[in-house]
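Next come the chains, spelled out residue by residue.
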Amino acid sequence: MTELVHRVIVTLDSYYVWSMFAALPRLMSSSSLLFWLIVYIFVRFQFPNLALYAGYFLGRRWFEPPPYKRYAGNQPLISFLIAGRNPGTSIVTCIESILRSNYRNIEIIFADDKSTDNSIELARQFERKANVRVIGNANHSGKAANLNLAFMFARGEFVFILDADSEILPDTVDNMLPYFEDPTVAGVSPSIFVRNPSDSFLTRCQQMEYVMSYVMAQLWRDRLGIIVTLSGMGTLFRMTALRHIGGWDMGLGDDADSTIRLRKARWKLRTSLRAHLLTEVPVTLKHLTSQRARWTRNMIKQRVRKHRDLGSFRFGLVNGLMWYDQMLNRVIHPYLFVGLPILALVLFRTTDIPVLFVSLYGYTTFFFALDLLIARDMTRRGPSLGNFWVIPFYSLFRIPILCVRLTQILRELLMIDPWHPYVPRRIWDAIPHH
Amino acid sequence: MVGGTTIVETELLLRVLAFIPKDAHLSPAWEARSRLGAVYGGERAGFDEDRLHEALETLANRGFLERIFVERLTTCPTCESHAINVHEACVTCGSSNLKRIVTYFHFRCGFVGPEGAFAKDPGGLRCPKCKGLLVDLGTDHDSPGVMFECAKCAAMFQNPEIGVRCLSCGAAFTAGAVDELHHRDVFSYRLTSRGDAALARGAIENEFA
């Protein structure tokens, strides 16, 4: 133990500045497993980003919305569907953002999931002023049920689902609709940014996380045709595609589920770099971990259980490969990243563990800062440079999320307390669970 | 002229004061065919109803009668007629041709639709999405509520607009225009002490004296 502490001190001293570069030859010579772990991390996590940046600098027009053809000068009706329970004043901000849109041919349908606050009254004040309809569900039924309720009222050629705590910008729709010139496109997701980055250290970190996970990762997935989730925070769908899959299924993870069902039905999915959406993120650790616990369990329910048949390649090679990538990335990686260094320590009795940690920290921090700088340039809405001070501490933000993932994946796989109050119990008991 | 009132008018006002029941109200009776929508039974005493109402209002304004509120009538802003039809109207096209529809939500697959979308089956209703059977309300399905469907433009909504048509002049009002409708209050009347005194004296005093 004393030797280990000594080693950490020596390592920090030797490699503090150039740890990333200095550690590589040592790792190559000392333990090939650790070296190849770093190579794997680079290939899986950094290479797609680098390819994306190279593509962006070589041909920026690839990332702009395609030109209008059929919809040039012809605005099809877009039905905005909002399902919410107790959104409070957020519903006002949300509806006002839609009403400020440059796109005028819209209808807004808010399905209120039997809110116990004054949300429904706040929404009803818009009913007489604009094309807004408020539907009060007689029973608390969960998000998917209320999306389906609002969907029943929708008459648009396109359907924009929007979370009550999110908002669009005036040009968001204009930057999404052109993608539907391709008649095989079922849905287009916007680039999602954090609305409240200044609220806490956690929201500042989430701002960076969202840029990389919901904008940049979604973009390279778009180019490869392997978009896994059209976010429930906001997505524009083709009405016929949603009708084709019968709207939203019950259970958790309605957005991932509807996306995979669209993929299975062989519809194309796109994302728009230029269409921006702002969303409110959890401010406190309690809310953040609760949200991520739900997301993790949804992910296992959808990918490992309900849609495991993707892995059989019945729905095509790309869908199959995407499923295996998801299994690796979402289910196995969290354990791998924690388990491998421990395994290396036990099996190989290597003394380079501190070197590994310091070099990994240096590597990830350096490239994360670089990623964010490029993402700022690409999106024109990345985190402000004034927020870059959180980058060295970003790993701290990942620790509770990793802990939540490690525990919740296991809990869901072992079916421990599978019910989540997000779906009322009376409905949960009637749903087939795969 | 006495206090701005002609002798003929003064006589009418005195006759109207005498027409008010002692220690009771002169109450209106609803009469759809009348211009005001209510009559005060003046015909049996030889009064023209419109002139009687004018005289009652004059007397009330001058403090000889007290008004007691009975009802607020809504009237057409174009012709002031009380003969108006109030109906539920489509939020989109304003048509009154609406159908009330019961909606169901199937727990199992999440489908929400009007009752007509579910096929009738001997065991219950058959879900169009998952083909499952809806048997027991509250256990495998429930109703988000009663909605409306417009037979003219097919729009569906939960809260219809209020539409109004004047049956006298044909003017139609929907949505925000409903706020422009006029209102007229109908009162019963009773003698004040001033009215009692005028009646006992047999003269309407000059209010400006």
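Please read all numbers here as calculations on a predicted model, not as lab measurements.

Caption draft 1: The arrangement of the nonpolar core in detail. Residue and element names in this part refer to chain A. L52, M208, M212, M216, L372 and M378 are the most contacted members of the largest nonpolar core, which has 42 residues in total. Mapped by element, the contributors of at least two residues to this core are α3 (32-58), α7 (201-224), β8 (268-279), α10 (285-306), α11 (317-348), α12 (353-379) and α13 (394-413). Tallying contributions element by element places α7 first for this core, with 10 residues. Of the domains in this structure, domain 1 (2-58 + 318-413) and domain 2 (68-284) are the two that each give at least three residues to this core. Counting 40 residues, the second largest nonpolar core, distinct from the first, contains A83, I135, I245 and L269.

Caption draft 2: Quick peek at the packing of aromatic side chains. Residues and elements named next belong to chain A. Within the structure shown, the criterion is met by 23 aromatic pairs over all chains. Measuring from centroid to centroid gives 4.8 Å for F80 and F160, while their planes differ by 15 degrees, and the two rings are stacked. Highlighted residues: F80 in strand β1 (residues 78-84) and F160 in strand β4 (residues 158-162), separated in sequence by 80 residues. No difference in accessibility class separates F80 from F160, as the two residues are buried. Taking 5.8 Å as the distance between ring centres and 85 degrees as the angle between the ring planes, the aromatic pair formed by F151 and W248 counts as edge-to-face. Taken together, the residues F151 in helix α6 (residues 143-153) and W248 in the loop between α8 (239-245) and α9 (254-264) connect sequence positions 97 residues apart.

Caption draft 3: Spatial organisation of the domain arrangement of chain A. Residue and element names in this part refer to chain A. Taken as a whole, chain A is organised into domain 1 (2-58 + 318-413) and domain 2 (68-284). Each side of the interface is counted separately: domain 1 has 32 residues, and domain 2 has 29 residues. Here domain 1 and domain 2 share an interface that buries about 2,600 Å² over both sides, 70% of which is from carbon and sulfur atoms. Taken as a group, M322, R381 and F397 account for 23% of the area that domain 1 buries against domain 2, more than any other trio of residues on that side.

Caption draft 4: Inspection of the pattern of salt bridges at higher detail. Applying the stated criterion across every chain, the model contains 35 salt bridges over all chains. Among the salt bridges present, the one from A:R292 reaches A:E209, with a minimum N-O distance of 2.7 Å. Of this pair, A:R292 sits in helix α10 while A:E209 sits in helix α7, and the two are 83 residues apart along the sequence. Residue A:R292 shares its accessibility class with A:E209, and that shared class is buried. In this structure, A:D222 engages A:R223 in a salt bridge whose closest nitrogen and oxygen atoms are separated by 3.8 Å. Look at A:D222 and you get buried, because its relative accessible area is 7%. Of the residues examined, A:R223 reaches a relative accessible area of 44% and is grouped as partly exposed. Shared partners join several salt bridges into a network, and the residues in it are A:D249, A:D257, A:R261, A:K306 and B:K129.

Caption draft 5: View of the interface of chain B and chain A. In this complex, chain B contributes 30 residues to the contact, which on the side of chain A involves 28 residues. For the pair chain B and chain A, the summed buried surface comes to about 2,100 Å²; carbon and sulfur atoms form 53% of the total. Between chain B and chain A we count two salt bridges in total. For A:R426, the salt bridge identified is with B:D142, shortest N-O distance 2.7 Å. Remark: the boundary between chain B and chain A carries 10 residue pairs in polar contact (both at pLDDT 80 or more). For the side of chain B that touches chain A, the elements supplying multiple residues, two or more each, are β5 (98-106), β6 (112-114) and β12 (156-157) of chain B.

Caption draft 6: Quick look at the packing of α7(A) against α13(A). Residue and element names in this part refer to chain A. At a closest axis distance of 10 Å, the pairing of α7 and α13 adopts a crossing angle of 90 degrees. Regarding the angle of α7 to α13, the classification is roughly perpendicular. Mapping the contact onto sequence places F201, L202, C205, Q206, M208 and E209 in α7 and Y394, F397, R398 and I401 in α13. Looking at the contact of α7 with α13, its residues break down into seven nonpolar, one polar and two charged.

Caption draft 7: Highlighting a nonpolar patch on the surface. Taken together, the side chains of A:F201, A:W389, A:F393, A:L396 and A:I399 present a nonpolar region at the surface, about 490 Å² in accessible area. Along the chain, A:F393 turns up in the loop between α12 and α13.

Cut-off values and rules
- Residues numbered from 1 in each chain as written.
- Chains lettered and ligands numbered in written order.
- Predicted model: local features only at pLDDT ≥ 70, side-chain atom pairs only at ≥ 80, totals over all residues.
- Heavy atoms only, no water.
- Core = buried A, V, L, I, M, F, W, Y, C linked by side-chain atoms within 4.5 Å.
- Buried < 20%, exposed > 50% of the residue type's maximum accessible area, 1.4 Å probe, protein only.
- Helix = DSSP H or I, 4+ residues; strand = E, 2+ residues; numbered from the N terminus.
- Domains from an automatic or database assignment.
- Phe/Tyr/Trp six-rings, centres within 6.5 Å; stacked < 30°, edge-to-face > 60°.
- Contact = heavy atoms within 4.5 Å.
- Buried area = accessible area lost by both parts, 1.4 Å probe.
- Salt bridge = Lys/Arg side-chain N within 4 Å of Asp/Glu carboxyl O.
- Polar contact = N/O pair within 3.5 Å; in protein donor to acceptor, adjacent residues only side chain to side chain.
- Axes fitted to C-alpha atoms, helices over the stretch in contact; angles between N-to-C directions.
- Parallel < 35°, antiparallel > 145°, perpendicular 65-115°, else oblique.
- Nonpolar A, V, L, I, M, F, W, Y, C, P; charged D, E, K, R; others polar.
- Patch = residues over 30% accessible without salt bridge, like charges linked within 9 Å, V, L, I, M, F, W, Y side chains within 5 Å.
- Areas by Shrake-Rupley, 256 points an atom, 1.4 Å probe, with all protein chains shown as cover.

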